[in-house]
Amino acid sequence: MQEERGRPLPVAPFCMDMNLVRLQLSLTAWTAEALLPLVSGQGSSFESALLRTCCRGSWSDCAECLQRDDCQAYMLLARTLSPDPDLVKRHQKPGLPYLFSLPAASAPSVCLTLLGPSIDALALFINTLSILTGGNVRSHVYAFDHQAQLLQLQFQADGQCSNLPLLSLAELYEQQRSQFVGCRSVEVIFQTPLRLRHHGRELQHLQPVVLIRGLLRRLSSLSAYYGTAGNTDYFSSLAARADQVRSVEHHPAEVHQRGICGRYRLQGPFEEFGPYLALGSLLNLGKGAAYGMGRFTVEPIE
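## Things to note about the overall build of the protein chain
Phase 1 of the analysis: Regarding its fold elements, the protein chain presents nine helices and 14 strands.
Phase 2 of the analysis: Rg of the C-alpha trace for the protein chain: 20 Å, near the compact-globule value of 19 Å for 302 residues, within the 12% margin.
Phase 3 of the analysis: If you line up the protein chain on its principal axes, its C-alpha atoms span 60 × 45 × 40 Å.
Phase 4 of the analysis: For the protein chain, buried positions account for 47% of its 302 residues.
Phase 5 of the analysis: Accessible surface, the protein chain as shown: approximately 15200 Å² in total, 48% of it carbon and sulfur.
Phase 6 of the analysis: Counting 26 positive and 26 negative side-chain charges, the protein chain places the centres of these two groups 6 Å from one another.

## Examining the environment of Leu283
Phase 1 of the analysis: Position of Leu283 relative to the elements: it lies in the loop between helix H9 (270–280) and strand E14 (296–300).
Phase 2 of the analysis: A sequence separation of 65 residues divides Leu283 from Arg218, and the C-alpha atoms of the two residues are 8.7 Å apart.
Phase 3 of the analysis: Ignoring anything within four residues of it in the chain, the contact list for Leu283 reads Met18, Leu99, Thr113, Leu115, Arg218, Leu219, Leu222 and Ala289.

## What to know about the packing of helix H6 (residues 169–177) against H9
Phase 1 of the analysis: Axis separation between H6 and H9 bottoms out at 9 Å; the angle between their running directions is 130 degrees. What the angle tells us is that H6 and H9 run oblique. By crossing handedness, the relation of H6 to H9 is classed as right-handed. Seen from H6, the contacting residues are Leu169, Leu172, Tyr173, Gln176 and Arg177; seen from H9, they are Pro275, Tyr276, Ala278 and Leu279.
Phase 2 of the analysis: By residue class, the composition of the contact of H6 with H9 is seven nonpolar, one polar and one charged.

## A look at the pattern of salt bridges
Phase 1 of the analysis: Within the structure shown, the criterion is met by six salt bridges.
Phase 2 of the analysis: Measuring nitrogen to oxygen at the nearest pair gives 3.2 Å for the salt bridge that ties Glu187 to Arg263. Taken as a pair, Glu187 in strand E9 (residues 185–194) and Arg263 in strand E13 (residues 260–267) lie far apart in primary sequence, 76 residues in all.
Phase 3 of the analysis: Its relative accessible area of 39% is what places Arg263 among the partly exposed residues.

## A short note on the sheet that holds E9
Remark on secondary structure: sheet strands pair via backbone hydrogen bonds, oriented parallel or antiparallel.
Phase 1 of the analysis: The strand order across the open sheet formed by four strands is E12-E13-E9-E14, and the pairing between neighbours is antiparallel. Either end of the sheet is taken by a strand with one partner, and the two such strands are strand E12 (246–252) and E14. Going across the sheet, the axis of each strand differs from the next one's by a mean of 15 degrees, ignoring polarity.

## A look at the packing of aromatic side chains
Phase 1 of the analysis: Counting across every chain of the model gives 13 aromatic pairs.
Phase 2 of the analysis: Consider the rings of Phe100 and Tyr291, whose centres lie 6.1 Å apart with planes at 15 degrees: the pair is stacked. With a gap of 191 residues between them, Phe100 in strand E4 (residues 98–101) and Tyr291 in the loop between H9 and E14 connect regions that are remote in the sequence. Each member of the pair, Phe100 as well as Tyr291, carries the same accessibility label: buried.

## Considerations on the packing of helix H2 (residues 44–54) against helix H5 (residues 122–133)
Phase 1 of the analysis: Closest axis-to-axis distance for the H2/H5 pair is 9 Å, and the angle between their directions is 115 degrees. Here the hand of the crossing between H2 and H5 comes out right-handed. On the side of H2, the interface is formed by Ser45, Phe46, Ala49, Leu50, Thr53 and Cys54, while H5 contributes Leu124, Phe125, Asn127, Thr128, Leu129, Ile131 and Leu132.
Phase 2 of the analysis: For the contact of H2 with H5, the per-class residue count stands at nine nonpolar, four polar and no charged.

## Here we look at unusual backbone geometry
Phase 1 of the analysis: Despite not being glycine, Ala148 has its phi angle at roughly 65 degrees, a positive value.
Phase 2 of the analysis: On the secondary structure map, Ala148 appears in the loop between strand E6 (141–144) and strand E7 (150–152).
Phase 3 of the analysis: For Asn284, which is not glycine, the phi torsion reads 60 degrees and is therefore positive.
Phase 4 of the analysis: Overall, Asn284 belongs to the buried group, its relative accessible area being 2%.

The rules behind the values
In this convention, every chain numbers its residues from 1, walking through the sequence in written order. Where totals are concerned, whole chains, interfaces and linings use all residues; where local detail is concerned, this predicted model gives features only for residues with pLDDT of at least 70, and gives and counts side-chain atom pairs only at 80 or more. Working from all heavy atoms in the structure, the side-chain values ignore hydrogens and water. By the criteria applied, helices consist of DSSP H or I runs no shorter than four residues and strands consist of E runs no shorter than two, each listed in order from the N terminus. As a reference, a globule follows 2.2 Å times the number of residues to the power 0.38, and the radius of gyration itself is taken over C-alpha atoms. Note on classification: 1.4 Å probe, protein chains only; a residue is buried when its accessible area is under 20% of the maximum for its type, exposed when over 50%, partly exposed between these limits. All accessible areas in this document rest on Shrake-Rupley with a 1.4 Å probe, and a residue is counted as covered only by the protein chains that are shown. Counting rule applied: Lys, Arg positive; Asp, Glu negative; His and chain ends not counted. Where a charge sits is defined by one atom per residue type, namely NZ (Lys), CZ (Arg), CG (Asp) or CD (Glu). The contact rule is simple, with two residues in contact once any of their heavy atoms fall within 4.5 Å. Note on method: axes are straight lines fitted to C-alpha atoms, helices fitted across the in-contact stretch only, with angles between N-to-C directions ranging 0 to 180 degrees. The scheme is simple: roughly parallel for angles under 35 degrees, roughly antiparallel for over 145, roughly perpendicular for 65 to 115, oblique for anything else. For any helix crossing, the convention is left-handed if the near helix is rotated counterclockwise from the far helix by under a right angle, and right-handed if that rotation is clockwise. Amino acids outside the nonpolar list (Ala, Val, Leu, Ile, Met, Phe, Trp, Tyr, Cys, Pro) and the charged list (Asp, Glu, Lys, Arg) are all regarded as polar, and Gly is one of them. Salt bridges are defined as contacts in which a side-chain nitrogen from Lys or Arg sits within 4 Å of a carboxyl oxygen from Asp or Glu. At least two DSSP bridges between two strands are needed for those strands to be called paired. Aromatic pairs are defined between Phe, Tyr and Trp rings, using the six-membered ring for Trp, whenever the two ring centres lie within 6.5 Å; interplanar angles under 30 degrees are classed as stacked, those over 60 as edge-to-face, and all others as tilted.

Interpretation note: all reported values are geometric properties and have no functional meaning in isolation.
Structure follows, in structure tokens:
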């Protein structure tokens, strides 16, 4: 059993879970450009369109709408606090249950990841994206299966999908564990600006301990609100070990937006942290994570 400062870590290595769907929209250059704001940290146009697509009332202000509790779009965007005071104390307000990002491929496309309750709103997302692009995108939607292979989705007349691969965060964790056995060093590449706050200020340079703890908070918060909460004692102990991670090499990249970009080599106990970094790379991190910011990849080195 591993120990941290004389205190044994809880036995369970991973006990949180959350359903997710990873989609990729293969688009023309023009339609991809129409969705560019959604992967550049600007989500107001999408959120307005999502509400308009779903709205069946006559109110102009969602806060005053008598039908908002039955509005699928409002419930997704509201980020409502849990009635459980202990959960709120630990995680505060949750992140949005979806996120956009650019894929690694160079072809014009946009990735959309749906978490927990947003999976049931797939038809709403597709309709909203069709409105924003000015065309039906259903025939251009693919999903990643459990082997990370792309599968073209088949939609029924009512907009529901008959072959949607439903992924599990716990299963993805188990898949990643073997990649980091004995790992003491990783390369992390931030492809879009990472904006993390620490002690009330936004980081100007990467601090590995802040990165690891921010990542663990995001994973545990999303799981608590949109899936199954993890063992809080375990995650507290794991977060306390984050100060063992250090940056040994970095190649910053210049960007035209605020935030941290570039290539970093980190050393530390990545047999433990590596699988969580891999999961976090599917969910982005920091301010604007739902709209393409804080996108990164991680690769074990040794």
